[in-house]
Amino acid sequence: QVQLVESGGGLVQAGGSLRLSCAASGSIFRFNVMGWFRQAPGKQREVVALISTIGSTNYADSVKGRFEISSDNARNRVSLQMNTLEPEDTAVYYCNWKTGSRWNDLKQYWGQGTQVTVSS
């Protein structure tokens, strides 16, 4: 099993920045895809950014140019630097971790979520 602990959420004014971090522990295997999802009240959970242990990244169109995902594979951590925050970014942000011994056999885990609130 894998346990994920998120940190860094909080209240920030529009235009400000926050950095979210997620630390993983447990059965982490060689092949990993890590990322951040978010869910606003009454809305579907959506992917924000993804990164693999070979360095490929993917971002939602709404955050391109503002957010940057990074990972520290040796320490089993993934971070999300969020800049130029907008009220529309307000949501609970969830760390997501997929891990396995093969790229086509990854098991998925979720963090508890951390609240990000952007005031206008």
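Let us look at the structure shown here. (Residues numbered from 1 in each chain as written. Predicted model: local features only at pLDDT ≥ 70, side-chain atom pairs only at ≥ 80, totals over all residues. Heavy atoms only, no water.)

**A closer look at the nonpolar core**
Short version of the rule: In this description, a nonpolar core means a group of buried Ala, Val, Leu, Ile, Met, Phe, Trp, Tyr and Cys residues linked to one another through side-chain atoms lying within 4.5 Å. Buried, partly exposed and exposed residues are distinguished by accessible area as a fraction of the type maximum, computed with a 1.4 Å probe on protein chains only: under 20%, between the cut-offs, and over 50%, respectively. Note on conventions: DSSP H or I runs of at least 4 residues are helices, E runs of at least 2 residues are strands, and numbering of each starts at the N terminus.
Core analysis: the biggest nonpolar cluster contains 29 residues, and W36, V78, L80, M82 and Y93 have the highest contact counts within it. Elements supplying a minimum of two residues to this core: β1 (2–7), β3 (18–26), β4 (31–39), β5 (46–52), β7 (67–72), β8 (77–82), β9 (91–100) and β11 (114–119).

**Observations concerning the state of the cysteines**
Heads up, the condition is: Two cysteine sulfur atoms make up a disulfide if the distance between them is within 2.5 Å.
Per the stated rule, a full pass over the model turns up 1 disulfide. Here C22 pairs with C95 through a disulfide, and the sulfurs are 2.1 Å apart. Its S-S torsion of about -85° marks the bond between C22 and C95 as left-handed, since a negative value means left-handed. Taken as a pair, C22 in strand β3 and C95 in strand β9 lie far apart in primary sequence, 73 residues in all. For the pair C22 and C95, a shared accessibility class is recorded, and that class is buried.

**Digging into the packing of aromatic side chains**
Heads up, the condition is: Note on ring pairs: Phe, Tyr and Trp rings are taken, using the six-membered ring of Trp, and paired if centres are within 6.5 Å. Classes follow the plane angle, with under 30 degrees stacked, over 60 edge-to-face and the rest tilted.
What the rule picks out here adds up to 3 aromatic pairs. On the numbers, 5.0 Å between centres and 50° between planes, the contact of F31 with W103 is tilted. Linking F31 in strand β4 with W103 in the loop between β9 and β10 (107–110), this pair joins segments that are 72 residues apart in sequence. You can call W103 partly exposed: its relative accessible area is 37%. Judged by centre distance (6.4 Å) and plane angle (85°), the rings of Y94 and W110 are edge-to-face. Of this pair, Y94 sits in strand β9 while W110 is found in strand β10, placing the two residues 16 residues apart along the sequence. Among the residues examined, Y94 registers a relative accessible area of 15% and is labelled buried. Take W110: its relative accessible area is 34%, and that puts it in the partly exposed class.

**Overview of the sheet that holds β7**
The condition that has to hold: Strands were regarded as paired on the criterion that DSSP finds at least two bridges between them. Angles here are taken between N-to-C directions and fall from 0 to 180 degrees, while the axes themselves are lines fitted to C-alpha atoms, restricted in helices to the stretch in contact.
Taken in spatial order, the 4 strands of this open sheet run β1-β3-β8-β7, and their pairing is antiparallel. Where the open sheet ends on each side, the last strands, each with one partner, are β1 and β7. Pairwise comparison of adjacent strand axes, ignoring direction, gives a mean angle of 15° for this sheet. Taken together, the 6 bridges between β7 and β8 define a ladder with antiparallel strand orientation. Considered in β8, the bridge of D72 is made with R77.

**Concerning the pattern of salt bridges**
It is possible for side chains of opposite charge to pair when their charged atoms get near one another. Going by this rule: Any carboxyl oxygen of Asp or Glu that lies within 4 Å of a side-chain nitrogen of Lys or Arg is treated as forming a salt bridge with it.
Tallying each qualifying case throughout the model produces 6 salt bridges. E46 serves as the salt-bridge partner of R38, at 2.8 Å between the closest nitrogen and oxygen. Using a relative accessible area of 36% as the deciding quantity, one classes E46 as partly exposed. The closest approach of N and O atoms between D72 and R75, which form a salt bridge, is 3.1 Å. Using a relative accessible area of 26% as the deciding quantity, one classes D72 as partly exposed. Each of the salt bridges in this network shares a partner with another, and the network as a whole consists of R38, E46, R66, E86 and D89.

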